Structure formats: C-alpha cells, structure tokens
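A structural walkthrough
Listed below are the residues making up each chain.
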Amino acid sequence: MFLGWAAMYLNCKSYYSLRYGTFGTEELVKEAALIGATAIALTNINSTCDAWDFIRFCQTDGLKPVVGAEIRNGNTFLYILLAANNKGFTWINKFISDHLLAGKPFPEYAEENPFFDDTWDGFVIYPFGTVKSVRSFFQNERIGVTPYEVNKLLGIDARILNNKYVVRQPVTFKNDIYYSVHRLLRAIDNNVLGSKLSPDTVCHPTERFHSLSQILEAFRGYPGIVTNTYKLVDDCHIEVDFNSDKNKKVFSASPADDRVLLSKLAHDGLKSRYGKANKEASERVKKELEIINNLGFNAYFLITWDIIRYGQSRGFFHVGRGSGANSIVAYCLQITDVDPIGLDLYFERFLNPHRAVPPDFDIDFSWADRDDVIDYVFKRYGKEHVALLGMHPTFQYNAIIRELGKVFGLPKSEIDELAERDYYNGDSRGENFNKDKDDKIKRLILQYGRLLEGFPSNHSIHAGGILISEAPIYTYTPVFMPPKGFTTTQIDMYVAEDIGLYKLDILSQRGLGHIKDCLKLIKQNKRIDINIHEVEKFKKDPKIRDHIRDGNTIGCFYIESPTMRHVLKKLQCETYETLVAASSIIRPGVGRSGMMREYIWRHNNPGKFKYLHPKLEEILHETYGVMVYQEDVIKVAHYWAGLDMAEADLLRRATSFKNRARERIHVLETKFFENCKQFGYAPEVTNEVWRQIESFGSFSFCKAHSASFAVESYQSLYLKTYYPMEFMVAVINNFGGFYSHGNRELYFYELMKTGAKVHPPCVNNSEYLTDIQGADVYVGFVHIKELEQKLAERIVEERYRHGNYNSLENFIDRTGATKDQLDILIRVGALRFTGINKKQLLWQADVLLKKGRSHQAAHVTIFEEPTINFTLPDLPLHALDDAWDEVELLGFPVSNVFDLVDEDPRQYVSAAELKNHVGKDVTILGYHITHKPIRTIKGETMSFGTFIDAERNWIDSVHFPQIHRQVALHAGFYKVTGKVTEEFGVYSIEVTHVEQAGFKSRWKEAVA
C-alpha cells in the first residue's frame, strides 16, 4: 500500500458547484499541482457533471483523481461521498439522481438510503460534529476534520480517531478576491443584498489551498488521522477509456445480426430509391456498409432507422439533416431524403476510416410531434439507458451586471444604464465611466462582472441531444428533471463526447408543422391528397422556380427572412443546387469572410474572375472558388494544404466556435502553413486561404445540412405555390416562422394577398385555431387577447354538439360566458351573426346578466327561454370602431392596415416603383415589419429595416449608425426618405431621414 499521497484536499469544488465554487475545473487541478498535491478529490455540490474533465486534467498534470460529491439540502452540508471505484461512482450518480428526480431532500445520514451499504465501493465523510454515534458507523464512513477544528479533538478516544477521522481541507476559492466572488455568487443564488448574507449561506474563510506543510503542522498531534487520510485516498481508483464508444452497441440480438439487418434494409431501400440496375449506387452502398460495420456503427444506424420508422407509423413528418445526409445508406433507410449521388455529397465528411467517432444524425420532427418521439425512445431503450443531454448556460455580461447591481443595492435605473454600456468594446460611455474614480460601487460591479462572465449559471437542457448508452446512464452522470419532463444529464455534450457518448439530435421545428397541417387542410378544404415527397418533381416545376427567383417565399422554411429573400433574388435562384448554396452562404461565417458577396458576383459573372490558385479551381469549381460548405474546408486542407484526412476533419471541427477541438487549431495552423510553404504557394495566397477558413468555419453548414434544408424548402414552396391559402393558414396555426415574434399579423396580410377573405373571429364559424372554408378564413379564438382557453374550447364543443348559436341569450345560456369574457367576444365581432351592432350588444349583455341570465355554468334547456325584446337607444358605430377593437384585442386589424394611417399612400413611392428611381432620393410610406441591428467594424450599431407598402409589398431599408440612433423603430407607420440603391437586381433605400406617420384618431387612441 502506498501511503505517500500528498492528499489532504478531499473536499474541492469547481464552479460547477453552481453559484458557489469559483475555480474552473482545469484551474482547480493546476492550482493543486502548484501547491504540491499529488492527489485531489472533486466534490461538487449535488453534482458530478465535470468529474470526467477533472480526471482528464489530473492525468495531464500527474495528479491522482478522486471523484465524488458534496451532498447538501439547501445550505445544509450533510456529507461527502467519494467513489472508491467506478461502481461507487455509479452509485453516487444514482443516489443524486433518485433524489433530484423525486424532488425529495437527501437523507441526513447516508445509510438511510440503500445505496451505501457496508462495502468498500465508496466512502461517506461526515462533517465534524455529526450527531450520529461514531460507534454505529459502517466501515466506509468517516468524519472529516478541518485544520481549524483540530482543537475540538481533545478527549476523543484515540482508537476512534485513528480509524474514523480524516483530514478534510475544503477548497472553494483561490484568494481574497475570489472569496468576494463566492460571496457575490451566494447573494445572487439567494436573491439577497450582499450585506444581508447569513453565515450559513457562505463557505468558511479558510476554504482555500493551504500548503501541505501547514495542514500537517495543524495535525501534528494526530498522525493517525493523517495516515487514515492517506489510506482512504489510496483505496480510491477511478478508470475511464476516453477513446471507446459507449453508445448502445447492439440493436437486435447480436452485432452479427445487426450487420445482416442493416445490409438487408439498405439494399431494400436501394431498389426503392434507385431501381435495380444502378451500379454506382450499389457500389457506394457496399462501400459504406463495409466502413459502417468495420467502425462498429451498425446499431447507431439501426436505432436511427427505428426512430424514423416509429415516426412514420404515427404519421409524423421528419427531415434528416446534418452530415448524415452524406450517406447513401441513410438515404436508402429513409433517414434522409437527400440523394448524396445526385448532389455529389462528400461521404468522408460524414464517416471515414480515420474518424473513430460515431456519425452525426440530426432528425427534425414537427414541434407538435417531437415529445412523442422522445417518449418512444425512452420506452423503447429504457430509462436506465436514455437521457436528454444537459448543458450549462453561462453568465453573460449584461445579465451578470444586472445581478450584481441588485446585490449591491443599486436602483433599477442605474442598473439598466450600467448594463447597457458596451464596456468591453470601448464604448465612450464606458471609458468615461472608468475615469470616474468616485463611483466605487459601479467600478466594483464592472470588476466582478468581468471575473464572473462565463461562469456556468445553472443546469439546463441541450436543444435536441439525446444519449442512448450501452451501460446504465448513471455510469457516467447523474440526471435531473427539467420542466420538459424527460430525464436530463448533468454532463454536457463536450464531456459526453470526450468519454465516448455521442448524441443523436432529435430536434423540433415549426416548418414541418406547416407542411403537416397544410396537407390536412388541403384534404379538408379541397378533398385532395398530396404526395409531399415528390421533391424531384418540385425541383423542375416552373411556377416554383418563379417563386424562388422572385423571393416570394414568406412562410417557407428557412428561406423567408429578408436576408434570404435578398440572396435568392440576387442569385436569380432557379435550381435546387443554387438553393442549397444560398442556404449556406447566408450563414455568418461566409458573410464575415466577405465571400457571400463574392459568391453572388461570381455566380452572376461566370468567366470574369480568377481563382486564388489553379489547384483551388479544381477543388472548388462548383462554388466558384469560394468555400461555402464545411466540406470545402476539408477538401482545401487535405488536397491543397496536404493535411491528412483525419487532420483535415479535425481542422473543420476546430474552426467551430463551439467545439473543444479548437484547442488544437494552433498545431494544425502550423502544419498548414509549413505544408503550403513546402508546396511553394505564395505567402499572400496561403494567408488568404487560411483567413477564409478561420473566419468561415465558425458558423458554416455542411453541404448535406444545406441540402436537407433545401428539400424542406421545396416542399413548403410547392404548397405555397399551388395551395397558398391553406399553406398560410397552416403557418399561422403553427405559430412559427421568421416573423412570428411580435409580427404574426404579417402572415395574415400574406394570406390576404392570396385572395382569401379573412374574417374576424365568429362564434358560429371559428375554431380554436384559424380555419379555412373555401376561400373564407376565420381568425381562430386563440388570437383573442385575454380570452380564456376553456371558454374558447367550450364555444366550439357546444356548437358541434347542439348546432349554431341563434341569439345573444342563447349564446349566454349555452356557454356560461362571464361579463368580461362576453364583452371581449362582442367587441372583437364574434357575435355579429345577431345583426346587432356591437354597442347595442354590449348594452343588451349588461342588461341580461344583471337580470340573472345564467353565466355560472353552461346549460341547454329543453324549452328555450323566449328572446327578450329590447328598446335600444341610438348607438352609432364610427368607421374605425371595428379596426380599433381588433387592434386592441387581436393585435392587428382584419382589414388593410393602411386604412388607419393619417396619410394618403398614393402620395408616396411604392415598392413596385423603386426600380424607376435608382440613385435618386424618394420617400416611402411604410408599415414597419422588422429590423435587424448589427455591429459595424467601428463598433457602432446600424440596422436593416423591412416595411410593407399599401399593396402589402416589401420595402427594405439600410439605417446607418447616425440614422439608427435617431429613431427607435417599432410597430407603426413611417415616412422613410433616402436614396434608392440596387445590387444584383435587389432594391433598397439608404435612409437619410425617418419620421413616424400619424394614425387616424381612434387608432391613435389605441396605440397610446
């Protein structure tokens, strides 16, 4: 037995003791090595989420890792759990999980939970002063004594001291500054002023790395406790093979059966997709199956196929995207609808013999269907082996400044002013503030904000990652239960990947909901069944081509934003291949490198440009020498710069801002430049290629990803082209799309452009969601602000059961609507079937309810009560009363919004006329739709605006910083003056003046 471990640090925390610890995980390990420790225990509060990182860092720095957790109920420290081996670590994870999932407190003593029995798989260390009798301890239970508690050991039996007591030096912070950081975190966590922190909420001021000599000196009179500590550390061993795949390894009965089954399914799909005599496809299937089998990924493909099969059996639509669409086997299994041969997709980007990690499948389902699919995965593969992937949001600058402002007791106005300063980008206000030496509190807030920025804030859930492990999930991590309702790992995707657990992304999006609901509406409204999978036919359809080329894509998945519509028009996009490229070049990486505009220019001017190097023409001829896709990085790095395939793929991953491989980028950069120098490339060419790689990679798509998006875009385009009314209703009912947040009305305006007659809600025609009947569309009850969902559903259900409502009294009796709810329905026009104007209906409703007409519960009588005849005063309606009420209750008028502007639209230049005024100053009258602020190179803010004119056509504007600062754009009408510019056939206005236009009187009251 080795008793020389320099290991007194059995209770160390990183900042994954959320809002408590202050060390980064690697920083903690390096600090321990610096102090002379040779072993260290990581014990985060109710968590082991960074244990595997900790182990890896310890291995790098030559320390022995001991892993465990500090168990607390709120601020009450109960005990430390340390794993003696991997089985003990699994027990710790399950112990934490059981209590987190059940929402129950941890037991005061560990033996109250059957997890820790009298074994040597782990240790329990109680704090000094534990009430429990030491003599009743199990063999693996100890009491930890801190150096400042040594003087309390007098009088304790030496035999017990030597057997049951160990040294416990807690480590929470590095120095006095970080002790203050710890206190601020505790104040934030407890939502109290820093001055109001109670002692039990913060750590002891000695919880830092004291030298080994200091600790040993404190225990000089108790050598048995020191020896006992050495023995405990010596008994702890944790092992992990970071390089092995830990995903579920077998789908069927055995690996051999998996190989046979995958081959059968792939060849069946081959015949379906390509026919019986496609030699190229057949050879590629054979090649891929061999690689998949050799790398041990048969089960991964089969599990994905199984999930897709379940979705199809339930009538769910899906899109298989990500690099998985590079695989012909995935195409044959219907995991994706992207033909990798037809699009010349690069299989090695997805999977190659040099890549030992599993392939990457991203599967999109409709937002309404995704949870059902996830539930199937949990039930099919077992909750012990399945969990959603966690993540750890970090404190961002603005957020942490606001939190610190509250902790320091600043008033809200000062907090807002402080948080909005662009401190890190050299904003003049921030610079001036830093010269203000008198405002000590604000300077402290900024100082500590800088220290806390990037600290993990809480456990959260990854957007779509799901893990299916071979061993129980507790082998690697505890799980918790977020509001989503599915167990979720404490480890994030980076830790999971490091230890060989690779996620399958099951994502959700609204676009698939648009398609699914549109097909249902077409069936109901036109009695037509649509095969939405005839994408090859859609690609050749001339009407669809016209829509793409003209940017008529509102509501269509991924191609409806102002930027995307501009790109489509600039490219005169008419083909699938161009659409695939368009969906990638709008990504920030291509734009940042300056290559989006270059690509558009080269696309429109073939033969008028030169490639950086002849070999790049050979590699990138399809994209005019521009790196558009992630695959282009691999091709350039491998075929041009001489990196091997594994290094080229690693470079592609390293350029991603979110990938840990980024730490390798400097090594790869050095080899890239050395190789290029040996090849004789001109330095300026090498520098430019590297600049494009580095700036482009962070936010780029793989080609298969863009191709998958383009398939769904074509499906949406087909429906928009041939069934525009049903399509826009489906978009509205799925509450998704670029213009949904605060601009849902725009989809109603787009619906009106199709020729549909849009009606306000009606109790005899409307459903809860918006409904279409022929060319008549009735706004759904869901859009009425403050209308109770239960009443809305009751109105529809009662109408289906007993027929239409025939009077106000009848409606009240059958629905039990209260006075407030009834007023809302009357004002929005939902009872217009009565033929009585709204003011009179409101008067009648008030009288009826005061006379005791039932509004407590809906009821249907055998004999209908007679209608009361009212003698009503003259209550005339004004022309804009309906629009005023609709704006207040729906958020928009169910009419032409330009009826409400106090200007004559005919006096202004329209969108259609802009092409006649290029280079000239014009003034347009526009209704604001959206605007996008961006940062300029100088650090100033400018924006791009989007408006519609009286014909509901789009006008785009550019607001440079000076103009952007003058007017804060929001919903309403604006007179916009500026010079008309044209670029590749797209017209916009460089704004020189913006002035808000007035509303007609009743509208003005509504807005005010």
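The coordinates are above.
All right, on to the overall build of the chain then. Per the secondary structure count, the chain includes 40 helices and 23 strands. A burial count over the chain gives 56% of its 1008 residues as buried. Long-range pairs, those at least 24 residues apart, make up 70% of the contacts in the chain with a sequence separation of at least 6. Working note: accessible area of the chain is about 42,900 Å², and carbon and sulfur atoms make up 50% of it.

In sheet architecture, strand pairing relies on hydrogen bonds along the backbone and comes in two forms, parallel and antiparallel. Strand order in the open sheet formed by three strands is S16-S18-S17, and the pairing between neighbours is mixed. In the strand order of this sheet, the two ends are held by strand S16 (757-759) and strand S17 (771-773), each with one partner. Averaged over all adjacent pairs, the angle separating strand axes in this sheet is 25°, with direction ignored.

Structurally, Ala-463 can be placed in strand S12 (residues 460-468). Look at Ala-463 and you get exposed, because its relative accessible area is 59%. For the pair Ala-463 and Leu-388, spaced 75 residues apart in sequence, the C-alpha separation works out to 9.3 Å. Look past the residues within four positions of Ala-463 in its chain and what remains in contact with it is Arg-370 and Leu-507.

Moving on, we come to helix H15 (residues 412-419). Every buried residue of H15 is listed here: Ile-415, Asp-416, Leu-418 and Ala-419. Projected down its long axis, H15 shows its buried positions confined to an angular sector of 165°, all on one face.

Another point: the side chain of Glu-886. Structurally, the position occupied by Glu-886 is in helix H38 (residues 881-890). Buried charge Glu-886 goes without a salt bridge, the closest partner of opposite sign being Lys-838 at 6.0 Å. Residues in contact with Glu-886, not counting those within four places in the same chain, are Pro-760, Gly-891, Phe-892, Pro-893 and Val-894.

Most peptide bonds take the trans configuration, and most residues that are not glycine carry a negative phi. A positive phi angle, close to 50°, is found at Asn-46, a residue other than glycine. Within the secondary structure, Asn-46 sits in the loop between strand S2 (39-45) and helix H2 (51-61). In this structure, Asn-191 takes a positive phi of about 55° despite not being glycine. Structurally, Asn-191 can be placed in the loop between helix H5 (176-190) and helix H6 (212-218). We classify Asn-191 as exposed; its relative accessible area is 62%.

So, on to empty space enclosed by the protein. Inspection of every chain in the model, using the stated rule, returns two cavities of 30 Å³ or more. Every residue lining the largest cavity is counted, 15 residues in all, and those nearest its centre are His-318, Val-319, Asp-337, Val-711 and Gln-715. Residue assignment for the lining of the largest cavity shows that the elements contributing at least two residues are strand S9 (318-321), helix H19 (510-526) and helix H31 (703-722). Looking at the lining of the largest cavity, its residues break down into seven nonpolar, six polar and two charged.

With that out of the way, let us pick up the packing of aromatic side chains. Inspection of the entire model under this criterion finds 42 aromatic pairs. Here the aromatic rings of Trp-640 and Tyr-681 are separated by 4.1 Å at their centres, their planes lie at 10°, and the arrangement is stacked. On the criterion of sequence distance, the pair formed by Trp-640 in helix H27 (residues 630-640) and Tyr-681 in the loop between helix H29 (665-678) and helix H30 (683-696) is long-range, its members being 41 residues apart. Under the relative-accessibility criterion, Trp-640 is labelled buried at 0%. On the numbers, 5.0 Å between centres and 55° between planes, the contact of Phe-672 with Trp-690 is tilted. You can see Phe-672 sitting in helix H29 and its partner Trp-690 sitting in helix H30, a full 18 residues away along the chain. Note on accessibility: Phe-672 and Trp-690 belong to one class, buried. Positioned over the ring face of Phe-57 is Arg-56, at 5.0 Å from the centre of the ring.

Conventions we followed
Starting from 1, residues in each chain are numbered consecutively following that chain's sequence as written. With the structure being a predicted model, the display of local features is reserved for residues of pLDDT at least 70 and the display and counting of side-chain atom pairs for 80 or more, all residues being used for whole-chain, interface and lining totals. Each side-chain value is worked out from all heavy atoms of the structure, with water and hydrogens disregarded. A run of H or I in DSSP becomes a helix once it reaches four residues, and a run of E becomes a strand once it reaches two; helices and strands are each numbered from the N terminus. Note on classification: 1.4 Å probe, protein chains only; a residue is buried when its accessible area is under 20% of the maximum for its type, exposed when over 50%, partly exposed between these limits. Any two residues having at least one pair of non-hydrogen atoms within 4.5 Å are treated as being in contact. Only the protein chains shown count as cover for residues, and all accessible areas are computed by the Shrake-Rupley method using a 1.4 Å probe. Strands qualify as paired when DSSP identifies two bridges or more between them. A fitted line through C-alpha atoms serves as each axis, taken over the contacting stretch for helices, and the angle formed by two N-to-C directions is quoted from 0 to 180°. Directions drawn from the helix axis to the C-beta atoms are what define this arc. Note that His is not counted, nor are the chain ends; the positive residues are Lys and Arg, and the negative ones are Asp and Glu. What counts as a salt bridge is simple: a side-chain nitrogen of Lys or Arg found within 4 Å of a carboxyl oxygen of Asp or Glu. Residues are called lining when one of their atoms sits within 4 Å of a cavity or pocket point, these points coming from a 1 Å grid over the protein atoms alone, where a cavity is a set in which a 1.4 Å probe fits but cannot get out and a pocket is an open set with protein on both sides within 12 Å along at least five of seven lines. Grid points are joined across faces, edges and corners, and a volume is the space filled by probe spheres set on the points. Three residue categories are used. Nonpolar comprises Ala, Val, Leu, Ile, Met, Phe, Trp, Tyr, Cys and Pro, charged comprises Asp, Glu, Lys and Arg, and polar comprises the others, including Gly. Between 30 and 60 degrees the pair is tilted, below 30 it is stacked and above 60 it is edge-to-face, where a pair is any two Phe, Tyr or Trp rings, Trp via its six-membered ring, whose centres lie within 6.5 Å. Only lysine NZ and arginine CZ atoms are considered, and such an atom sits over a ring when it is within 6 Å of the ring centre and within 35 degrees of the ring normal.

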